[in-house]
Amino acid sequence: MNDCLPEQSGAWQWVEQSIRELVAGYGYQEIRTPIVESTDLFKRSIGEVTDIVEKEMYTFEDRNGDSLTLRPEGTASCVRAGNEHGLLYNQQQRLWYMGPMFRHERPQKGRYRQFHQFGIEAFGLGGPDIDLEVILMSARLWQRFGIADQVTLEINSLGSPDARASYKDALVTFLQQHEASLDEESKRRMHTNPLRVLDSKNPDIQALLVDAPDLLDYLDAESAEHFQQLRERLDQLGIQYRVNSRLVRGLDYYNRTVFEWVTDALGAQGTVCAGGRYDGLVEQLGGKSTPAVGFAMGLERLVLLLEALGKGGAPREVEAYLCIMGEAAEIYALKLAEALRDQMPALRLQTHCGGGNFKKQLKRADKSGATLALIVGEEEAQQQQVSIKYLREDRPQEYVGTAELLPMLKQIFNHK
Ligand code: ATP
Ligand code: MG
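Rules behind the numbers
- Residues numbered from 1 in each chain as written.
- Chains lettered and ligands numbered in written order.
- Predicted model: local features only at pLDDT ≥ 70, side-chain atom pairs only at ≥ 80, totals over all residues.
- Heavy atoms only, no water.
- Near = heavy atom within 4 Å.
- Polar contact = N/O pair within 3.5 Å; in protein donor to acceptor, adjacent residues only side chain to side chain.
- Areas by Shrake-Rupley, 256 points an atom, 1.4 Å probe, with all protein chains shown as cover.
- Helix = DSSP H or I, 4+ residues; strand = E, 2+ residues; numbered from the N terminus.
- Nonpolar A, V, L, I, M, F, W, Y, C, P; charged D, E, K, R; others polar.
- Domains from an automatic or database assignment.
- Core = buried A, V, L, I, M, F, W, Y, C linked by side-chain atoms within 4.5 Å.
- Buried < 20%, exposed > 50% of the residue type's maximum accessible area, 1.4 Å probe, protein only.
- UniProt positions renumbered as here; feature names shortened; annotations may be inferred.
- Pairing = 2+ DSSP bridges.
- Contact = heavy atoms within 4.5 Å.
- Axes fitted to C-alpha atoms, helices over the stretch in contact; angles between N-to-C directions.

J.: Any chance you could explain the site of ligand 1 here in plain terms?
T.: Around ligand 1, the surrounding shell holds 15 residues, and the nearest of these are Arg103, Glu105, Arg111, Arg249 and Thr271. A distance of 2.6 Å separates a nitrogen atom of ligand 1 from a polar atom in the side chain of glutamate 105. Arginine 301 has a polar side-chain atom sitting 3.2 Å from an oxygen atom of ligand 1. Considered on its own, ligand 1 offers 580 Å² of accessible surface; in the complex 90% of this is hidden by protein. Here the element with the most residues in the shell around ligand 1 is strand S10 (residues 271–277); it accounts for 3 residues. Residue classes in the shell around ligand 1 are distributed as 6 nonpolar, 4 polar and 5 charged.

As structure tokens, then:
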């Protein structure tokens, strides 16, 4: 689990701010759910035989003996909350969330035990138009960050639960024929969760799978039509994609459309965003049948990608630093600072604390990153004035009255 230090928080704030603008632009509303949920919720939704539930959850008993889990993902909680508050049945909801998730994985670049996801969940809409919308939203974010040429969209369809079941049988038959060539993990998965074998990172397994039955050949007619319509829309909107019929997700609740945005720029942890349709989940968790589609984006991977590509997001620096020379000036200076904050709330003003001589205070002012030092000594206090020293320009110091100060600062910093 990581600390996010001041030098990194600028990039995070940029990412978070851009996400808030994105979701507002599509009319999505934020939902915030608790970080702990009952363990049962995740077992029932994500699936007992998945990496997350088998070995990655932070699960503990609370003082009542109830089993609780730190949320490993956001969808189950959204569905739980939607059902609990009657938001879903016969309604349309377009929701988003952002926050920490927890999985006990082996930490490495792009993989952490506390990480952050931004996610979208759209409920009550079953057509390919909403699948397209959530894909467009993710695509817009890459555009916004200037990294669209670094990520590739992969899509697939898992079909209906029935279609998936008959594909599963065909796949298991194939895997059994090649059991001798499987690694331990794939052998185990062949029995517990065979679709996950398709996801194996082992190149030998991937080579073997070239001859495996193809998921897309097993699609039911309606899912095939849905997938075709999505593809046509993507084509018409100029969104490039690759159909990857071995793309499956690590969570059991998906059906029909699944997609991932992947990059080569991060090494092994190349998936920055993953999502799909989960039409059965609302009912499975006790609600009335409601179609749904969404995605989750890993923010650490996004920040790493921006870093690797040298994209900005500098910490917001102080604009003005107030130096206070001598005790007699202190109250006047502090009142002046508070008045500035009243009248110019966007101004980033830091007040010097701890006294010291002029040289020391100016050094601090310089280190703060400020453009201006506002200097108040006894004389300024008496005259109701301020000295302005330009820290980044070769320009003489100025004395201004407090009345002139405000319009001057507004002009310099371009604030309203
Ligand atoms: P992976 O195959 O990389 O383990 P996953 O299938 O477990 O991914 P999801 O549960 O679909 O991933 O999560 C969506 C996104 O969240 C991932 O694509 C990734 O960007 C991010 N993510 C998942 N697990 C972690 C983690 N431990 N640390 C950082 N980011 C993560
Ligand atoms: Mg995982």
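And the narrative resumes.
J.: Any chance you could explain the domain arrangement of the protein chain here in plain terms?
T.: By convention, interface size is frequently given as the accessible area that disappears when the constituent parts associate. Entries for the protein chain in the domain assignment read domain 1 (6–159 + 219–308) and domain 2 (320–413). Once you take the C-alpha centre of each, domain 1 and domain 2 turn out to be 48 Å apart.

J.: Explain the nonpolar core to me, please; I cannot follow it from the model alone.
T.: Note on soluble globular proteins: their nonpolar side chains tend to be buried together. Among the nonpolar cores identified, the biggest contains 46 residues, and Phe118 and Trp261 are the most heavily contacted of them. Top element by residues in this core is helix H5 (residues 128–145). It accounts for 9 residues. Formed by 44 residues, the second largest nonpolar core is a distinct cluster that contains Met57, Leu158, Leu208 and Leu209.

J.: Sorry if this is basic, but what is going on with the UniProt feature "domain: Aminoacyl-transfer RNA synthetases class-II family profile" (unreviewed entry) in the protein chain here?
T.: Within the UniProt annotation, "domain: Aminoacyl-transfer RNA synthetases class-II family profile" (unreviewed entry) is assigned to residues 15–315. Taken end to end, residues 15–315 is 39% helix and 22% strand, and its first and last C-alpha atoms sit 12 Å apart.

J.: In this structure, what is going on with the sheet that holds strand S1 (residues 29–30)? I would like to understand it.
T.: For sheets, the rule is that strands pair by backbone hydrogen bonds, running either parallel or antiparallel. Taken together, 8 strands build an open sheet; the order of strands is S1-S5-S6-S11-S10-S9-S7-S8 and the sheet is mixed. Both outer strands of the open sheet, S1 and strand S8 (242–243), are each paired with one neighbouring strand and no more. Sheet topology places S1 next to strand S5 (residues 93–102); 2 bridges connect them, and they run parallel. Residue pairing across strands places glutamine 29 opposite leucine 95, the latter belonging to S5. Strand contacts of H5: S5, strand S6 (114–123), strand S7 (151–157), strand S9 (255–263), S10 and strand S11 (292–298), with the helix running at about 20° to S11, the strand carrying the most contacts. Against the sheet, helix H9 (residues 221–236) engages S7, S8, S9 and S10, with an angle of about 155° to S7.

J.: What is the right way to read the sheet that holds strand S4 (residues 67–70) from this model?
T.: Taken together, the 3 strands give an open sheet; going across it, the order is S2-S4-S3, and neighbouring strands pair in antiparallel fashion. The open sheet has two free edges, formed respectively by strand S2 (36–38) and strand S3 (58–61), since each of these has just one partner strand. When the angles between neighbouring strand axes are averaged without regard to direction, this sheet yields 35°. The sheet contact formed by S2 and S4 spans 3 bridges and is antiparallel. In the strand pairing of S4, valine 36 is matched with leucine 70.

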